[in-house]
Amino acid sequence: MKKVGNFNLTNATKGKLPRLPFSLMKESVLGKRYELSLVFTDTKFMQKLNRAYRGKNRPTDILSFPLSHQNGEIIICVAEARKEARKFGRLLPNFLAFLFIHGLVHLKGFRHGGKMERQELKFRKRLGV
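Residues numbered from 1 in each chain as written. Predicted model: local features only at pLDDT ≥ 70, side-chain atom pairs only at ≥ 80, totals over all residues. Heavy atoms only, no water.

Asks: What exactly am I supposed to notice about the packing of helix α4 (residues 92-107) against helix α5 (residues 114-127) here?
Replies: Two numbers describe a pair of packed helices, the interaxial angle and the distance between the axes. Two numbers describe how α4 lies on α5: the axes approach to 10 Å, and their chain directions differ by 130°. Classified by the interaxial angle, the pair formed by α4 and α5 is oblique. In the crossing of α4 with α5, the sense of the turn from one axis to the other is right-handed. On the side of α4, the interface is formed by Phe 98, Ile 101, His 102, Val 105 and His 106, while α5 contributes Met 116, Gln 119, Glu 120, Phe 123, Arg 124 and Leu 127. (Axes fitted to C-alpha atoms, helices over the stretch in contact; angles between N-to-C directions. Helix = DSSP H or I, 4+ residues; strand = E, 2+ residues; numbered from the N terminus. Parallel < 35°, antiparallel > 145°, perpendicular 65-115°, else oblique. Left-handed = near helix turned anticlockwise from the far one by under 90°. Contact = heavy atoms within 4.5 Å.)

Asks: Honestly, helix α2 (residues 43-54) in this entry has me stumped. Any pointers?
Replies: An α-helix turns once every 3.6 residues. As a result, residues three or four positions apart point the same way. An ideal rise of 1.5 Å per residue puts 16 Å on 12 residues; α2 measures up with 15 Å between its terminal C-alpha atoms. Within α2, the full set of buried residues consists of Met 46, Leu 49 and Asn 50. Down the axis of α2, the buried side of the element spans an arc of 100°, and every buried residue falls inside it. Opposite the buried face of α2, by more than 90 degrees, sit the exposed residues Lys 44 and Ala 52. (Expected span 1.5 Å × (residues − 1). Buried < 20%, exposed > 50% of the residue type's maximum accessible area, 1.4 Å probe, protein only. Arc of directions from axis to C-beta.)

Asks: Any chance you could explain α5 here in plain terms?
Replies: Taking 1.5 Å of rise per residue, the 14 residues of α5 would be expected to cover 20 Å, and the 20 Å separating its terminal C-alpha atoms lies within 8% of that figure. Those residues of α5 that sit buried are Met 116, Gln 119, Glu 120, Phe 123 and Arg 124. One side of α5 holds all its buried residues, which, seen down the axis, span an arc of 130°. Away from the buried face of α5 by more than 90 degrees, exposed residues Lys 115, Glu 117, Arg 118, Lys 125 and Arg 126 are located. Close packing links the buried residues of α5 with α1 (22-30) and α4.

Asks: What's the story with the nonpolar core in this structure? I'm lost.
Replies: Soluble globular proteins tend to bury their nonpolar side chains together. With 28 residues, the main nonpolar core has Leu 36, Leu 38, Phe 40, Ile 74, Ile 76, Phe 100 and Leu 104 as its most contacted residues. For this core, the element with the most residues is α4, which contributes 10 residues. With near-sequence residues (within four places) excluded, Phe 40 lies in contact with Leu 9, Thr 10, Asn 11, Ala 12, Thr 13, Leu 17, Phe 22, Ile 76, Val 78 and Leu 96. (Core = buried A, V, L, I, M, F, W, Y, C linked by side-chain atoms within 4.5 Å.)

Asks: I'm lost on the layout of surface pockets in this one. Help?
Replies: Empty space left among the atoms is revealed by rolling a probe the size of a water molecule over them. Taken as a whole, the largest pocket spans an internal volume of roughly 350 Å³. Every element with two or more residues in the lining of the largest pocket is listed here: β4 (62-68), α4 and α5. The greatest single-element share of the lining of the largest pocket, amounting to four residues, is contributed by α4. The residue makeup of the lining of the largest pocket, split by class, is five nonpolar, six polar and four charged. Forming the walls of the second largest pocket are 11 residues, and the residues nearest its centre are Lys 2, Leu 9, Pro 18, Leu 20 and Phe 22. Contributions of two or more residues to the lining of the second largest pocket are made by β1 (2-4), β2 (7-11) and α1. Among the elements that line the lining of the second largest pocket, the one with the most residues is β2, at three residues. Counted by class, the lining of the second largest pocket contains seven nonpolar, two polar and two charged residues. (1 Å grid on protein atoms, 1.4 Å probe; cavity = no way out; pocket = protein on both sides within 12 Å on 5 of 7 lines; lining within 4 Å. Points joined across faces, edges and corners; volume = space filled by probe spheres on them. Nonpolar A, V, L, I, M, F, W, Y, C, P; charged D, E, K, R; others polar.)

Structure (structure tokens):
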């Protein structure tokens, strides 16, 4: 686990992760005081979480869990993200940044739709994603 201020990053996979400014991205969207845990996991664990919390018996690329107004967790499945990145013609680091911003905007209180997409676009532009 890597801890930087109010940000914890855990890589529960066996692979290496791209070096991305996750802490800076978190602060840009949620602020410095927001306490966030980011976990990278495998397909099997993500499928269990998706089944338990969304009733879908398949893995997904990202799940966001707001724990309180100033605390949350984002879980990303690297294998699923890699598949999705290929579908959209993106490199994995770019797609992971895209997903992370998506999860952050969810933690900010947005649900899928036009308002959320505009927020994501604003932060992607600001962060060069």
